[in-house]
Structures are given as C-alpha cells and as structure tokens.
Amino acid sequence: SLQLSPGRLVVFRPSAPGMHDAAWTCDLRRPSYNQEAHLAYAREASRKGAPPPSWVGCAFDLPGEVDVVAFAAAVRNWIDRHENLRGHIAVLADGSLQRKALPPGAVSVECSPEQVFTDGDALARYLEALFDRQARPLHWPDYLIATVCRPGATTVLLATDHLLTDAYSTLRSAYEIHALYAAALVSGGTKL
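Residues numbered from 1 in each chain as written. Predicted model: local features only at pLDDT ≥ 70, side-chain atom pairs only at ≥ 80, totals over all residues. Heavy atoms only, no water.

When helices and strands are tallied, the protein chain shows four helices and nine strands. Going from N to C terminus, the protein chain has its helices and strands arranged as β-β-α-β-α-β-β-β-β-α-β-β-α. Its C-alpha radius of gyration of 17 Å places the protein chain within 12% of the 16 Å reference for a compact globule of 192 residues. Summarising its shape, the C-alpha atoms of the protein chain cover approximately 50 × 35 × 30 Å along the three principal directions. (Helix = DSSP H or I, 4+ residues; strand = E, 2+ residues; numbered from the N terminus. Rg over C-alpha atoms; globule rule 2.2 N^0.38 Å.)

Have a look at this one:
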C-alpha cells in the first residue's frame, strides 16, 4: 500500500493514434515466453472478471515544485528513448499476438487538471485504483506517471505493467526520468 503525503496531483498520460492507424507498424519479432504467458494469464483472468493488478511501480522525489511543461517534455523524451513504451503486443481475433510500434515522436503526453488532496490515505487509494485500471497489459498505454506537489518538493510515481518491465528496469527509469527532467529544466522544456 502506498504511503503518501497530501498534495496537488497531476497525471501524465501517453497519447497516440489508435491501434489501427497507419502510424503503428507491425513488428515481426515474437513476444518473449514471459510476455506470452503474462498476456495469456491476463486474457483468462479478464474472461472471469477483473484481472488482478500486475503493475510494477516506484516513487521518487524531485526538489522543488514540478515544472509541468518541463516534466511533460522529460516524459516524452523518455518514451522516445524506449521502443517498448511506444509499442504494444496486440491480441488478434484468432488469439495470436502481434507486436506493433510507433516511431519516436509519435507519442504525446497529456496532463490532467491538477487535483488537490488534503488526505494522504485518500490520495494513495485514488492512485492505486488509477494504476490498477490504467497500467494493464491488454491495452496501450500500459503505464502511467503522476506527480504530487507539496511546498518545496514533488513526488513522482511511475506504474508500468509487468509486461513492459521488471523492478530493476523500473528503478532505472526513475533515474532516467530524473535526468531528463533536469535537462528539460535547463533547456526550458517545450510547449505541450
């Protein structure tokens, strides 16, 4: 269970053309055995009701209050650097799997309106439910990033479905996002 201090929440959602858009190109590489097993379990669990959460997450702090424009630029740069964040393994009508991917620059980042939480437990429950709904393997995007700002500090929360990553990679992502955000602050970020 998450333990968070209250603050101002902003959610950063990746956005891209629909799966049938020509921007998504087919990738002939087969999913790994673990990815196939993970998707098979998720499909079977979905038939029986809501599958259990399968996301891996991390939280880390940034100094000061987040610059939303620079942070969104950092998230876009992070997505552009990793094909798996721009990709999806689609389950076709016949049950077979098909990898699809977008080129760098095709994913935008949408920022939610700021929500103020005065109760850390309510914030944690809200985020856990959000990650449970959004960071799932059968749809794209299967990851989500949020920031919680308080005077003098920001907590970043990252949730990615286990189809995309493991705990080690998630922790490495924290370092990378932090570094990309620092670079975006120096360069002034880009407009959303």
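Picking up after the structure, the text goes on.
Looking now at the sheet that holds strand S2 (residues 25-27). Spatial strand order, S2-S5-S4: three strands in an open sheet with antiparallel pairing. Two strands bound the open sheet, and with one partner strand each, they are S2 and strand S4 (87-91). Averaged over all neighbouring strand pairs, the angle between strand axes comes to 40°, with direction disregarded. Relative to strand S5 (residues 97-101), S2 runs antiparallel, the two sharing three bridges. When the sheet's bridge partners are listed, Asp 27 is paired in S5 with Arg 99. (Pairing = 2+ DSSP bridges. Axes fitted to C-alpha atoms, helices over the stretch in contact; angles between N-to-C directions.)

For the rest of this paragraph, the subject is the packing of helix H2 (residues 68-81) against helix H4 (residues 167-187). Closest axis-to-axis distance for the H2/H4 pair is 8 Å, and the angle between their directions is 130°. Classified by the angle their axes make, H2 and H4 are oblique. Crossing angle aside, the handedness with which H2 passes H4 is right-handed. Together, Ala 70, Phe 71, Ala 73, Ala 74, Asn 77, Trp 78 and Arg 81 of H2 and Ser 173, Glu 176, Ile 177, Leu 180, Tyr 181, Ala 184 and Leu 185 of H4 make up the contact between the two elements. Among the residues forming the contact of H2 with H4, the class breakdown is ten nonpolar, two polar and two charged. (Parallel < 35°, antiparallel > 145°, perpendicular 65-115°, else oblique. Left-handed = near helix turned anticlockwise from the far one by under 90°. Contact = heavy atoms within 4.5 Å. Nonpolar A, V, L, I, M, F, W, Y, C, P; charged D, E, K, R; others polar.)

Looking at where Thr 155 falls in the secondary structure, it is placed in strand S9 (residues 153-161). In this structure the side chain of Thr 155 is engaged in a polar contact, spanning 2.7 Å, whose partner is the side chain of Asp 61. Excluding residues that lie within four positions of it along the chain, Thr 155 makes contacts with Leu 4, Ala 59, Phe 60, Asp 61, Ala 146, Thr 147, Val 148 and Arg 150. (Polar contact = N/O pair within 3.5 Å; in protein donor to acceptor, adjacent residues only side chain to side chain.)

Now for the nonpolar core. In this structure, Phe 71, Trp 78, Ile 79 and Ile 145 are the most contacted members of the largest nonpolar core, which totals 31 residues. Here this core takes eight residues from H2, the largest share from any one element. Not counting residues up to four positions away in its chain, the partners in contact with Phe 71 are Phe 12, Leu 62, Val 66, Ile 145, Thr 147, Val 156, Ile 177 and Tyr 181. (Core = buried A, V, L, I, M, F, W, Y, C linked by side-chain atoms within 4.5 Å. Buried < 20%, exposed > 50% of the residue type's maximum accessible area, 1.4 Å probe, protein only.)

The next subject is the pattern of salt bridges. If you walk through the whole model with that rule in mind, you get eight salt bridges. Across the pair Glu 65 and Arg 8 runs a salt bridge whose closest N-O atoms are separated by 2.4 Å. Residue Glu 65 is located in the loop between strand S3 (55-63) and H2, and its partner Arg 8 is located in strand S1 (residues 7-15); the two are separated by 57 residues in the primary sequence. Ionic pairing is found between Glu 114 and Arg 8, a salt bridge with its closest N-O pair at 3.3 Å. Remark: Arg 8 occurs in strand S1 and Glu 114 occurs in the loop between strand S6 (108-111) and strand S7 (115-117); sequence separation between them is 106 residues. Note on Glu 114: relative accessible area 46%, which makes it partly exposed. A relative accessible area of 23% places Arg 8 in the partly exposed class. (Salt bridge = Lys/Arg side-chain N within 4 Å of Asp/Glu carboxyl O.)

Let's shift gears to the environment of Leu 97. Inspection of the secondary structure puts Leu 97 in strand S5. Taking the C-alpha atoms as reference, Leu 97 lies 7.7 Å from Pro 31; in sequence the two are 66 residues apart. Setting aside residues up to four positions removed in sequence, Leu 97 forms contacts with Pro 31, Glu 36, Leu 39, Ile 89, Ala 90 and Val 91.

Our focus in this paragraph is H2. The terminal C-alpha atoms of H2 lie 20 Å apart, and with 14 residues this matches the ideal 20 Å at 1.5 Å per residue to within 8%. Among the residues of H2, those classed as buried are Ala 70, Phe 71, Ala 72, Ala 73, Ala 74, Val 75, Arg 76, Trp 78 and Ile 79. Among the residues of H2, the N-terminal cap falls to Asp 67, whose side-chain oxygen and the backbone nitrogen of Val 69 are separated by 3.1 Å. (Expected span 1.5 Å × (residues − 1).)

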